[in-house]
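Residue strings, one per chain:
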Amino acid sequence: MKNKKYEVIIIGAGPSGISCALNLLKEGIKDILIIDKSKFPRYKCCAGYITNKTKKAYEELGLNIKKCHYSLIKDFNILYKYKKRQTIDNKFLYTNKAIDRVELDYNFFKLAKKKKIKILEETKVSKHNINKNEIILSNNEKVTYNYLVFADGTTGYGSKYQTIKKKNIALQLIIEEETKEKIDIHFGITKKGYGWVSSCNGYTNIGLTDVYNKDTNYNKIFKEFLDKLNIKADIKKLTGAFTPIGIGKPIINDNIYFVGDALGACDPLTLSGLRYGLKSGEVCAKSIKQNNKKIYIKYAKSLKRKFKIMELLQNIFYLKVILYTVFNIGCKFFSKLISFVFNNFFVNKK
């Protein structure tokens, strides 16, 4: 059995994993291996929206967002119980022409390859000896590390070491449809989430999200959503994913880090995770370079505090009386304030 040692092994070639690798290169660490179970380009259940801050974060790492065909869709509508309540002049929320994350992730992946970072595709972790810093891969290769970074999401191999229990569920369906470019956000579809219908470049992305409840029939809710919208689509093509609620363990064994969704770096209110994934990869790289875990622990604690507040806001916002007040009174009399909050807090916040 082959045995190769690396300074840093990263499990997962998504945004947080690639960000970590690129930032490690900036720090002068080149002995890196990334392992991913998929073959790129690969599909990811995500509407692919990026905020202005996320756009800038990608560009700082060397990714030209224009090559990923991202642009603003000005027609941004908020609906409550299928009735339009407000149209917002969207200034900072970008979407890809296919309204998914395939092209974005693939171009980020290719950027890492161009930087000579070694990536093993279609490779899984079969075994992990946490005491020997040793991994057995699905191709029967043995690799060892000084540092290990789990960037493999909420259900990857690293999740067995995590403590995150609560999660959001997201479901989406993409169909080819020539229609007006727009983004419709629907509230009142799920108990603690929202639905969306986004159209761009001949594609329409229909999706919904909710705080996951194992007793809820989400396929049924999605079918009812389609019926109300009078959209004919094959629900068998429905895809889903989980996003975490709450920050888990940032580090174990002093040399094993968790970034992105594997850490829990996703805003529970908006489901914004890309920017936090990129940032967690950056801080992780800095912590590894300086061999100082306190740097990353401090960052994880700051996220934990922020997300606790966002989770509290989520619980308040989705109270029926608050929803009624916001959409029946707020959107009518305070539409400019709502537009300002959307553009400057949700999609352009620091």
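Use the structure listed above.
Worth saying up front: this structure is predicted, and the values here are computed from it rather than measured. Within each chain, residues carry numbers counting from 1 in the order of the written sequence. Predicted model: local features are reported for residues with pLDDT of at least 70 only, side-chain atom pairs are reported and counted for 80 or more only, and whole-chain, interface and lining totals are derived from all residues. Derived side-chain values reflect all non-hydrogen atoms in the structure, with water molecules and hydrogen atoms excluded from consideration.

### Section: the nonpolar core
Here is step 1: Side-chain atoms within 4.5 Å are what join buried Ala, Val, Leu, Ile, Met, Phe, Trp, Tyr and Cys residues into a set we call a nonpolar core. We call a residue buried when its accessible area falls under 20% of the maximum for its residue type, exposed when it is over 50%, and partly exposed in between, using a 1.4 Å probe and counting protein chains only. In terms of nonpolar packing, the biggest core is built from 69 residues, with Ile9 and Ile10 touching the most fellow members.
Here is step 2: It is helix α5 (residues 274-289) that provides the largest number of residues to this core, a total of seven residues.
Here is step 3: Here a residue-residue contact requires only that any non-hydrogen atoms of the pair lie within 4.5 Å. Not counting residues up to four positions away in its chain, the partners in contact with isoleucine 10 are Gly17, Cys20, Ala21, Leu24, Ile32, Leu33, Ile34, Ile35, Val149 and Ala151. Numbering goes from the N terminus for both helices and strands, where a helix is a DSSP run of H or I of at least four residues and a strand is a run of E of at least two.

### Focus on the pairing of strand β13 (residues 182-187)
Here is step 1: In terms of burial, β13 is largely enclosed, as five of its six residues are buried.
Here is step 2: Criterion used throughout: strands pair if DSSP finds at least two bridges between them. Where strand β5 (residues 75-80) meets β13, five bridges bridge the pair, whose relative direction is parallel. By the bridge assignment for β13, asparagine 77 is matched with aspartate 184.
Here is step 3: In sequence, β13 turns back onto strand β14 (residues 194-200) through a hairpin of six residues, with glycine 188 there showing a positive phi of about 85°.

### Some remarks on helix α1 (residues 15-26)
Here is step 1: By this rule the span expected of a helix is its residue count minus one, scaled by 1.5 Å. For α1, spanning twelve residues, the distance from its first C-alpha to its last is 16 Å, which sits close to the expected 16 Å at 1.5 Å a residue.
Here is step 2: Every buried residue of α1 is accounted for by Pro15, Ser16, Gly17, Ile18, Ser19, Cys20, Ala21, Leu22, Asn23 and Leu24.
Here is step 3: The first or second residue beyond α1 is glycine 28, which carries a positive phi of 95°.

### Some details on the packing of helix α2 (residues 52-60) against α5
Here is step 1: Packing of α2 against α5 leaves a shortest axis separation of 9 Å and a crossing angle of 35°. In this structure, the crossing between α2 and α5 has a hand that is left-handed. On α5, the residues that touch Lys53, Thr54, Ala57 and Tyr58 of α2 are Leu274, Arg275 and Leu278.
Here is step 2: Each residue is assigned to one of three groups, with Ala, Val, Leu, Ile, Met, Phe, Trp, Tyr, Cys and Pro labelled nonpolar, Asp, Glu, Lys and Arg labelled charged, and all others, Gly among them, labelled polar. Within the contact of α2 with α5, the residues separate by chemical class into four nonpolar, one polar and two charged. Axis lines are fitted through C-alpha atoms, for helices just across the contact stretch, and the angle between N-to-C directions can take any value from 0 to 180 degrees. Each crossing gets its hand from how the near helix is turned against the far one by less than a right angle, where anticlockwise is left-handed and clockwise is right-handed.

### Overview of a positive patch on the surface
Here is step 1: Here, patches come from residues exposed beyond 30% relative accessible area and free of salt bridges, joined within 9 Å for like charges and within 5 Å for nonpolar side chains (Val, Leu, Ile, Met, Phe, Trp, Tyr). Computed with the Shrake-Rupley method and a 1.4 Å probe, the accessible areas treat only the protein chains shown as cover for residues. Each salt bridge in this description consists of a side-chain nitrogen of Lys or Arg and a carboxyl oxygen of Asp or Glu lying within 4 Å of one another. By the counting scheme adopted, Arg and Lys are positive, Glu and Asp are negative, and His together with the chain ends is not counted. To locate a charge, take atom NZ for lysine, CZ for arginine, CG for aspartate or CD for glutamate. A surface patch of like charges, here positive, comprises Lys286, Lys298, Lys301, Lys304, Arg305 and Lys308.
Here is step 2: Summarising the element assignment, lysine 308 is placed in helix α6 (residues 293-317).

### Here's the deal with the packing of aromatic side chains
Here is step 1: Here the aromatic set is Phe, Tyr and Trp, taking the six-membered ring for Trp, and pairing holds for ring centres within 6.5 Å; pairs whose planes are under 30 degrees apart are stacked, those over 60 apart are edge-to-face, and all others are tilted. Applying the stated criterion across every chain, the model contains 22 aromatic pairs.
Here is step 2: A ring pair is formed by tyrosine 80 and phenylalanine 327, whose centres lie 5.0 Å apart and whose planes are at 15°; its orientation type is stacked. Here tyrosine 80 is found in strand β5, whereas its partner phenylalanine 327 is found in helix α7 (residues 320-333), with 247 residues between them in sequence. The burial state of tyrosine 80 is the same as that of phenylalanine 327; both residues are buried.
Here is step 3: Seen from their ring centres, tyrosine 212 and tyrosine 218 are 6.1 Å apart, and the 25° between their planes marks the pair as stacked.
Here is step 4: Look at tyrosine 218 and you get buried, because its relative accessible area is 5%.
Here is step 5: Taken together, the aromatic side chains of Tyr80, Phe187, Tyr194, Trp196, Phe317, Tyr318 and Phe327 make up a single cluster linked through ring pairs.
Here is step 6: Just above the ring of tyrosine 157 sits the side chain of lysine 160; from NZ or CZ to the centre is 4.0 Å.
Here is step 7: Geometry around phenylalanine 242 places lysine 167 over its ring, the cationic atom sitting 4.1 Å from the centre. We call a charge positioned above a ring when the Lys NZ or Arg CZ atom is no farther than 6 Å from the ring centre and deviates by at most 35 degrees from the ring normal.

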